[in-house]
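Chain by chain, the residues run as shown.
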Amino acid sequence: MNPIRSIILFENPLLEFFTQGPWYFVLAVYGPQIIYWLINSHGSLLSIFLYTMIGLLSWTLGEYIIHRFLFHAEDWWLPKNPKILANHFLIHGIHHAFPQDHYRLTFPVLPGQVILGLCFYIPAKTLMPVAMQNPYCAGAYLGYLIYDMVHYFVHFGNPRPGHWMDMKKYHMQHHYKNGTMGFGVSQKFWDRVFVTEITDYSKSK
C-alpha cells in the first residue's frame with residue numbers, strides 16, 4: 001500500500017484546489033442541493049419517496065458504469081495518447097496511485113458536478129415528468145453522496161467484522177490485486193449482475 005497521505009500536483013494553488021475533494025466538500029455542496037430538490041418537490045409524500053428511491057437506485061447502476069467505463073476507460077476505449085492518458089490519470093488514476101491521499105479520495109466537486117449533471121440532472125430535466133424531476137435528482141445525488149462517504153470510510157475507517165469489513169476488503173482487492181473487477185464500492189449488486197464480482201478473497205464472518 002502506498003502510504004503517502006497528501007501530494008501536491010500543481011504549484012498554482014487554484015489548480016491544486018480544483019484537483020482536491022475533501023469529504024466535507026462533498027457534504028457541503030451536495031447536501032444543500034439534495035435538500036433544495038426535496039423541498040421543491042411536488043406531489044404526495046409517497047410519490048416523492050418513490051421517485052427519490054428510483055433516483056437512488058439509478059445511482060447504484062451509475063456508480064458501476066462510471067467506475068468501470070469512465071474511471072477505468074484505459075481498459076476499454078481510451079486512446080493511447082499521452083495527453084489524454086495524463087488527463088485521465090487526474091480523474092481516477094491518481095487515486096489508484098495514491099489511494100491514501102485524504103484530499104483526493106472523494107471526487108473533486110467541480111468535475112463531479114459535470115459528470116452527475118450529464119448522467120442524471122440533464123436527462124431528468126429533459127425526459128422525465130415535472131413531478132418526478134426534483135425527487136429523482138435528489139435520490140441520484142443522495143446515492144452519490146452515500147457512495148463517496150462509503151468510499152472514504154472503506155479507505156480510512158476501521159470497521160468491525162461484518163458487512164463493512166467485507167466491503168473494505170472487497171474494495172482493497174480492486175485496488176491492489178484485481179483492478180479489472182470489483183467496480184462496486186457501496187454495494188456489489190451490479191458486479192454480480194455483470195459478472196465482475198471478486199470472489200476469491202477472505203470474507204469476514
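Because the structure is predicted, anything quoted here is derived from the model rather than measured. (Residues numbered from 1 in each chain as written. Predicted model: local features only at pLDDT ≥ 70, side-chain atom pairs only at ≥ 80, totals over all residues. Heavy atoms only, no water.)

Novice: Please set out the overall build of the chain residue by residue, giving values where relevant.
Specialist: What the chain contains, in helices and strands, is eight helices and zero strands. Reading the secondary structure of the chain in the N-to-C direction produces α-α-α-α-α-α-α-α. Relative to the globule expectation of 17 Å for 205 residues, the C-alpha radius of gyration of the chain, 18 Å, shows essentially globular dimensions. By its C-alpha atoms, the chain is 50 × 50 × 35 Å across when sized along the principal axes. Looking at the chain residue by residue over its 205 residues, the buried ones come to 47%. Put simply, of all contacts in the chain between residues at least 6 apart along the chain, 67% involve residues at least 24 apart. Looking at the chain, you have 14 positive and 11 negative side-chain charges, and the mean spots of the two groups are 6 Å apart. (Helix = DSSP H or I, 4+ residues; strand = E, 2+ residues; numbered from the N terminus. Rg over C-alpha atoms; globule rule 2.2 N^0.38 Å. Buried < 20%, exposed > 50% of the residue type's maximum accessible area, 1.4 Å probe, protein only. Contact = heavy atoms within 4.5 Å. Lys, Arg positive; Asp, Glu negative; His and termini not counted. Charge placed at Lys NZ, Arg CZ, Asp CG, Glu CD.)

Novice: Describe in detail the packing of aromatic side chains, supporting the description with residues and values.
Specialist: As enumerated under the stated definition, the model contains 17 aromatic pairs in all. When the centroid spacing of 4.8 Å and the interplanar angle of 85° are considered together, the rings of Phe189 and Trp190 count as edge-to-face. Phe189 gets classed as partly exposed once you look at its relative accessible area, which sits at 47%. Of the residues examined, Trp190 reaches a relative accessible area of 19% and is grouped as buried. (Phe/Tyr/Trp six-rings, centres within 6.5 Å; stacked < 30°, edge-to-face > 60°.)

Novice: Break down the packing of helix H5 (residues 109-127) against helix H6 (residues 130-156) for me, with residues and values.
Specialist: It is the contact of H5 with H6, at a shortest axis distance of 9 Å, that shows an interaxial angle of 155°. Relative to H6, the element H5 lies roughly antiparallel. As for how H5 packs across H6, the hand of that crossing is right-handed. From H5, Gln113, Leu116, Gly117, Phe120, Tyr121, Ala124 and Lys125 reach across to H6, where they touch Gln133, Asn134, Tyr136, Cys137, Ala140, Tyr141 and Tyr144. Among the residues making up the contact of H5 with H6, the classes are represented as nine nonpolar, four polar and one charged. (Axes fitted to C-alpha atoms, helices over the stretch in contact; angles between N-to-C directions. Parallel < 35°, antiparallel > 145°, perpendicular 65-115°, else oblique. Left-handed = near helix turned anticlockwise from the far one by under 90°. Nonpolar A, V, L, I, M, F, W, Y, C, P; charged D, E, K, R; others polar.)

Novice: Account for the packing of helix H2 (residues 23-39) against H5, with residues named and values stated.
Specialist: The interhelical angle for the contact between H2 and H5, taken along N-to-C directions, is 30°, at an axis separation of 11 Å. Considering their axes alone, H2 and H5 lie roughly parallel with respect to each other. Crossing of H2 against H5: the hand is right-handed. The residues of H5 that touch H2, namely those facing Phe25, Val26, Val29, Tyr30, Gln33 and Trp37, are Val109, Gly112, Gln113, Leu116 and Tyr121.

Novice: Any chance you could break down the environment of His67 for me, citing the residues and the numbers?
Specialist: Here His67 lies in helix H3 (residues 45-71). Residue His67 is classed as buried on the basis of its relative accessible area, which comes to 4%. Separated by 116 residues in sequence, His67 and Phe183 place their C-alpha atoms 6.0 Å apart. Apart from residues lying up to four places away in sequence, His67 is in contact with Gly62, His72, His92, His174, Phe183 and Val185. Separated by 3.2 Å, the side chains of His67 and His174 make a polar contact. (Polar contact = N/O pair within 3.5 Å; in protein donor to acceptor, adjacent residues only side chain to side chain.)

Novice: Just give me the short version of a nonpolar patch on the surface, but keep the residues and values in it.
Specialist: Taken together, Trp23, Tyr24, Leu27 and Tyr103 make up a surface patch of nonpolar side chains, about 370 Å² in accessible area. If you trace the backbone, Leu27 turns up in helix H2. (Patch = residues over 30% accessible without salt bridge, like charges linked within 9 Å, V, L, I, M, F, W, Y side chains within 5 Å. Areas by Shrake-Rupley, 256 points an atom, 1.4 Å probe, with all protein chains shown as cover. Salt bridge = Lys/Arg side-chain N within 4 Å of Asp/Glu carboxyl O.)

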